[in-house]
Amino acid sequence: QVQLQESGPGLVKPSQTLSLTCTVSGGSITTNDNAWTWIRQPPGKGLEWIGWITWSGSTYYSPSLKSRTAISRDTSKNQFTLQLSFVTPEDTAVYYCAREFGFLNDYWGQGTQVTVSS
């Protein structure tokens, strides 16, 4: 029912800002008790939680990334976004958006590969 779709550039140059958008259908990002999450998986590594924005618009970021991370939303478009600044090759990963409900990421986007390279 709930579907999420990531979009944005697949190649970002070092020191620039990675910008991705997640478009949600089948459910509202303002529905009570939901949070909307960005997660990434670098090559050969496990999933890493980046941060979320709640149904009310509150944000929380991974402590290791918060200085470079901004998550925002556009409720009129039912979208939420990720901006990760000052990227390095270590930020190369598949980036996912997901819905979090009761601490369970029950719906995921298909993921989008982002490569940081000059």
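Remember, it's a predicted structure, so these values are computed and weren't measured experimentally. (Residues numbered from 1 in each chain as written. Predicted model: local features only at pLDDT ≥ 70, side-chain atom pairs only at ≥ 80, totals over all residues. Heavy atoms only, no water.)

## Describing the nonpolar core
Stated formally: In this text, buried Ala, Val, Leu, Ile, Met, Phe, Trp, Tyr and Cys residues form a nonpolar core when linked through side-chain atoms within 4.5 Å. Only protein chains enter the area calculation, which uses a 1.4 Å probe; residues under 20% of their type maximum are buried, those over 50% are exposed, and those in between are partly exposed. Strands here are runs of E lasting at least two residues and helices are runs of H or I lasting at least four, both read from the DSSP assignment and numbered beginning at the N terminus.
In terms of nonpolar packing, the biggest core is built from 24 residues, with Leu18, Trp38, Phe80 and Tyr95 touching the most fellow members. Mapped onto this core, the elements with two or more residues apiece are strand 3 (18–25), strand 4 (34–41), strand 5 (48–54), strand 8 (79–84), strand 9 (93–101) and strand 11 (112–116).

## Description of the pattern of salt bridges
Here is the rule we go by: Should a side-chain nitrogen of Lys or Arg be within 4 Å of a carboxyl oxygen of Asp or Glu, the pair is scored as a salt bridge.
Under the definition given, this model contains four salt bridges. The shortest N-O distance in the salt bridge between Arg40 and Glu48 comes to 2.7 Å. Residue classification places Arg40 among the buried positions, given a relative accessible area of 5%. Take Glu48: its relative accessible area is 23%, and that puts it in the partly exposed class. In this structure, Asp106 engages Arg99 in a salt bridge whose closest nitrogen and oxygen atoms are separated by 2.5 Å. On the accessibility criterion, Asp106 (27% relative accessible area) is partly exposed. Of the residues examined, Arg99 reaches a relative accessible area of 14% and is grouped as buried. Each of Arg40, Glu48, Arg68 and Asp91 takes part in a single network of salt bridges with overlapping partners.

## So, the packing of aromatic side chains
The condition that has to hold: Aromatic pairing here means that ring centres of Phe, Tyr or Trp (its six-membered ring) are within 6.5 Å. Orientation follows from the plane angle: under 30 degrees is stacked, over 60 is edge-to-face, and everything else is tilted.
Across all of its chains, the model carries six aromatic pairs by this definition. When the centroid spacing of 5.9 Å and the interplanar angle of 50° are considered together, the rings of Trp36 and Phe80 count as tilted. Placement of Trp36 in strand 4 and of Phe80 in strand 8 is noted, with a sequence separation of 44 residues between them. Summarising the burial analysis for this pair, Trp36 and Phe80 share the class buried. One aromatic cluster is present, formed by Trp36, Trp38 and Phe80 through successive ring pairs.

## Focus on unusual backbone geometry
One non-glycine residue, Ser15, adopts positive backbone phi at about 80°. The residue Ser15 is located in the loop between strand 2 (11–12) and strand 3 in this model. The phi dihedral of Asp33 is positive, around 85°, even though this residue is not glycine. Classification of Asp33 as exposed rests on a relative accessible area of 53%.

## Describing the pairing of strand 3
Which entries qualify depends on this criterion: When DSSP locates at least two bridges between a pair of strands, those strands are taken to pair.
Residues Leu18, Leu20, Cys22 and Val24 of strand 3 are buried on one face, while the alternating residues Ser19, Thr21, Thr23 and Ser25, pointing to the opposite face, are not. The pairing of strand 1 (residues 3–7) with strand 3 spans five bridges and is classified as antiparallel. Bridging across to strand 3, Ser7 finds its partner in Thr21. Judged from the six bridges that link them, strand 3 and strand 8 form a sheet pairing that is antiparallel. Looking at the pairing, Thr21 lines up with Thr81 of strand 8.

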